[in-house]
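Below are the chains, spelled out letter by letter.
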Amino acid sequence: LTDKLKRLAPEVLQAFVQRFRENGKLVNVERCMLHLDPTALDFNMLTRLLKTHRLHSATYRIYVEGLGDFVAPLEIALDACHEGVDVRHRGGQALLYARYCLEGLAFPSGTAVE
């Protein structure tokens, strides 16, 4: 949809996630979340869904762009590493996130923060 769709009603978002979860394609949900306006979404429901399904890149973006919270995403990444879940990938993601923050870049796109 080339960034034309920016908002989803909570019910639609839940059905959307459920559909892709059933088909084993949650990575597609994460890709879509990176294009939605986090300030126009139900933050609590969305973060719960993203954390439950371990969609960390979208979780980071929601916290940063939705709340201006740069610390929580790093804590989430480090918690995932501590739990032993895909440590190499999550650790690398946490380091990249920290680097982008220090360089003033958006994660995961690497574009300059406005």
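Residues numbered from 1 in each chain as written. Predicted model: local features only at pLDDT ≥ 70, side-chain atom pairs only at ≥ 80, totals over all residues. Heavy atoms only, no water.

A short note on the overall build of the protein
(1) Moving on: Helix and strand content of the protein: six helices and zero strands.
(2) Moving on: Taken from the N to the C terminus, the helices and strands of the protein come in the order α-α-α-α-α-α.
(3) Moving on: Taking 2.2 N^0.38 as the reference for a compact globule, 114 residues should give roughly 13 Å; the C-alpha atoms of the protein span a radius of gyration of 14 Å, in line with that estimate.
(4) Moving on: For the protein, the C-alpha atoms occupy an extent of roughly 35 × 35 × 25 Å along the three principal directions.
(5) Moving on: Taking all 114 residues of the protein together, 33% fall into the buried category. (Helix = DSSP H or I, 4+ residues; strand = E, 2+ residues; numbered from the N terminus. Rg over C-alpha atoms; globule rule 2.2 N^0.38 Å. Buried < 20%, exposed > 50% of the residue type's maximum accessible area, 1.4 Å probe, protein only.)

Re the pattern of salt bridges
(1) Moving on: Inspection of the entire model under this criterion finds two salt bridges.
(2) Moving on: With its nearest N and O atoms 3.2 Å apart, the salt bridge here joins R61 to E65. Within this pair, R61 and its partner E65 are both found in helix α4 (residues 56–67), separated by four residues, close to a single helical turn.
(3) Moving on: When its relative accessible area of 11% is taken as the criterion, R61 is described as buried.
(4) Moving on: The shortest N-O distance in the salt bridge between E103 and R99 comes to 3.2 Å. With E103 and R99 both in helix α6 (residues 87–103), this residue pair falls four residues apart, about one helical turn.
(5) Moving on: Owing to a relative accessible area of 46%, R99 belongs among the partly exposed residues under this scheme. (Salt bridge = Lys/Arg side-chain N within 4 Å of Asp/Glu carboxyl O.)

Considering the nonpolar core
Note on soluble globular proteins: their nonpolar side chains tend to be buried together.
(1) Moving on: Counting 15 residues, the largest nonpolar core has L13, V17, V29, M33, L46 and L50 as its most contacted members.
(2) Moving on: The element contributing the most residues to this core is helix α3 (residues 43–52), with four residues.
(3) Moving on: Residues in contact with M33, not counting those within four places in the same chain, are L13, F16, L46, L50, A58 and R61.
(4) Moving on: Core analysis: the second largest hydrophobic core is formed by seven residues, Y60, A77, Y100 and F107 among them. (Core = buried A, V, L, I, M, F, W, Y, C linked by side-chain atoms within 4.5 Å. Contact = heavy atoms within 4.5 Å.)

Observations concerning the packing of helix α1 (residues 10–22) against α3
(1) Moving on: Interaxial distance between α1 and α3 falls to 11 Å at its minimum, and their mutual angle equals 5°. Considering the angle they form, α1 stands roughly parallel to α3. Of the residues in α3, those touching α1 at P10, L13, Q14 and V17 are M45, L46 and L49. (Axes fitted to C-alpha atoms, helices over the stretch in contact; angles between N-to-C directions. Parallel < 35°, antiparallel > 145°, perpendicular 65-115°, else oblique.)

Thoughts on the environment of R31
(1) Moving on: For R31, the position within the fold is in helix α2 (residues 26–33).
(2) Moving on: Note: C-alpha distance between R31 and H89 (58 residues apart in sequence) is 17 Å.
(3) Moving on: A distance of 3.1 Å separates a polar atom in the side chain of R31 from a polar atom in the side chain of N28. (Polar contact = N/O pair within 3.5 Å; in protein donor to acceptor, adjacent residues only side chain to side chain.)

A few points about unusual backbone geometry
(1) Moving on: In the segment running from F107 into P108, the intervening peptide bond is cis, with an omega of 5°.
(2) Moving on: Within the secondary structure, P108 sits in the segment after α6.
(3) Moving on: The phi torsion at R54 lies on the positive side, around 55°, for a residue other than glycine.
(4) Moving on: Looking at the secondary structure, you find R54 in the loop between α3 and α4.
(5) Moving on: On the basis of relative accessibility, which here comes to 40%, the residue R54 falls in the partly exposed class.

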